[in-house]
Amino acid sequence: MAYATAACAYSTNLAAKPASSRRAAGPAGFRPMVAVVRCVSTRPETAGLVVEKFNLKEYMEEKGRKVNEALDLAVPLRHPEVIHRSMRHSLLAGGKRVRPLLAIASCELVGGDEKAAMPVACASEMIHTMSLIHDDLPCMDNDDLRRGQPTNHVVFGEDTAILAGDALLSFAFEHVATSTFGVAPERVVRAIVELGNSVGSEGLVAGQIVDITCEGKVVDKDVLEYIHIHKTARLLEAAAVCGAIVGGGDEEEVARIRSYARCVGLLFQVVDDILDVTKTSEELGKTAGKDLASDKTTYPKLLGLDGARDFAQTLVRKAEGELAVFDAARAAPLYHLARYIAYRQN
């Protein structure tokens, strides 16, 4: 079987925008509370540094609160109560909300409104939660801890957990179709197609099945990259791309955001692999060392810990490069989200 490597290539051949409409963004350093975006204008008349202050912590707290409120409203406790309690147990258990944040930030990057992005943001989290519920099942990873809480099947039983995941997956698409307002219908349909592709047999499921068939086997970097691009990165990518689509992004903007998010998605998995062997279960809020126990190939196992960290830095640089053509202030959330993912500790 051949596995194509397509990590972060931006291969779409599109006409470039005039240089006068672009500003290149680059890092001047990163602090967890207040970070500084260091930008160099490409316009001769404004050459020099343009500094924008951006508080990532406040941004994540504000957007995360709104996402949590929207998820709570979208999946209320109703009849049959047991299935909705099960859905809410995992959906409202907290977490970093990275996928919804990518959707909102990408929508705003192309000039869209947060309200337009909220349905796809919530849908991406519903799909992600489904994948976690199913991932934790005894027939899959057999895990009993997730986000610092007992996993869904431990609380509700395997049968209910499977159905809760199924319900979240199907409702995700319904939610986008029925709750997105002020967006052209063709863009809503396009977002639904993007989400569907990200989770199906060419997306998350593809990564999962190859991952399962490779347990206990030695695999090369191309195969490992295929697994994680599909299993992890594809949904992160879809969240960002859907935000750009409903925000009114043009083809070049959507393509660049896709490339950025592909890098960030793969980065997320590389960091996950590193944390799995360097942190405790208490620090992670989930079982540590489970990949090692199941004899899975990981980036630290394949490249060594230092090699995995170097690869993570390469992905950060590639992701940042895709944002260079956008307005620096609008790009700040995505720029710092990439850094947050790279340097997170759980």
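So, a few notes on the structure that sits alongside this text. (Residues numbered from 1 in each chain as written. Predicted model: local features only at pLDDT ≥ 70, side-chain atom pairs only at ≥ 80, totals over all residues. Heavy atoms only, no water.)

## Observations regarding the environment of Thr-160
Then, in step 1: Locating Thr-160 in the fold gives a position in helix H6 (residues 158-179).
Then, in step 2: What makes Thr-160 buried here is its relative accessible area of 14%.
Then, in step 3: Between the C-alpha atom of Thr-160 and that of Ile-83, which follows or precedes it by 77 residues, the distance is 6.6 Å.
Then, in step 4: Thr-160 has contacts with Val-82, Ile-83 and Ser-86, leaving out every residue within four places of it along the chain. (Helix = DSSP H or I, 4+ residues; strand = E, 2+ residues; numbered from the N terminus. Buried < 20%, exposed > 50% of the residue type's maximum accessible area, 1.4 Å probe, protein only. Contact = heavy atoms within 4.5 Å.)

## Regarding the packing of H6 against helix H7 (residues 185-199)
Then, in step 1: Their axes nearest at 9 Å, the elements H6 and H7 cross at an angle of 165°. If you check the angle between H6 and H7, you find them roughly antiparallel. As for the relative orientation of H6 and H7, their crossing is right-handed in sense. Contacts between H6 and H7 involve Leu-169, Phe-173, Val-176 and Ala-177 from the first element and Val-188, Ile-192, Leu-195, Gly-196 and Val-199 from the second.
Then, in step 2: Considered class by class, the residues forming the contact of H6 with H7 number 8 nonpolar, 1 polar and no charged. (Axes fitted to C-alpha atoms, helices over the stretch in contact; angles between N-to-C directions. Parallel < 35°, antiparallel > 145°, perpendicular 65-115°, else oblique. Left-handed = near helix turned anticlockwise from the far one by under 90°. Nonpolar A, V, L, I, M, F, W, Y, C, P; charged D, E, K, R; others polar.)

## Quick word on the environment of Ala-70
Then, in step 1: Residue position: Ala-70 is located in helix H1 (residues 56-74).
Then, in step 2: Along the backbone, Ala-70 and Pro-119 are 49 residues apart, and their C-alpha atoms lie at a distance of 8.4 Å.
Then, in step 3: Dropping the residues within four chain positions of it, Ala-70 is found in contact with Met-118 and Cys-122.

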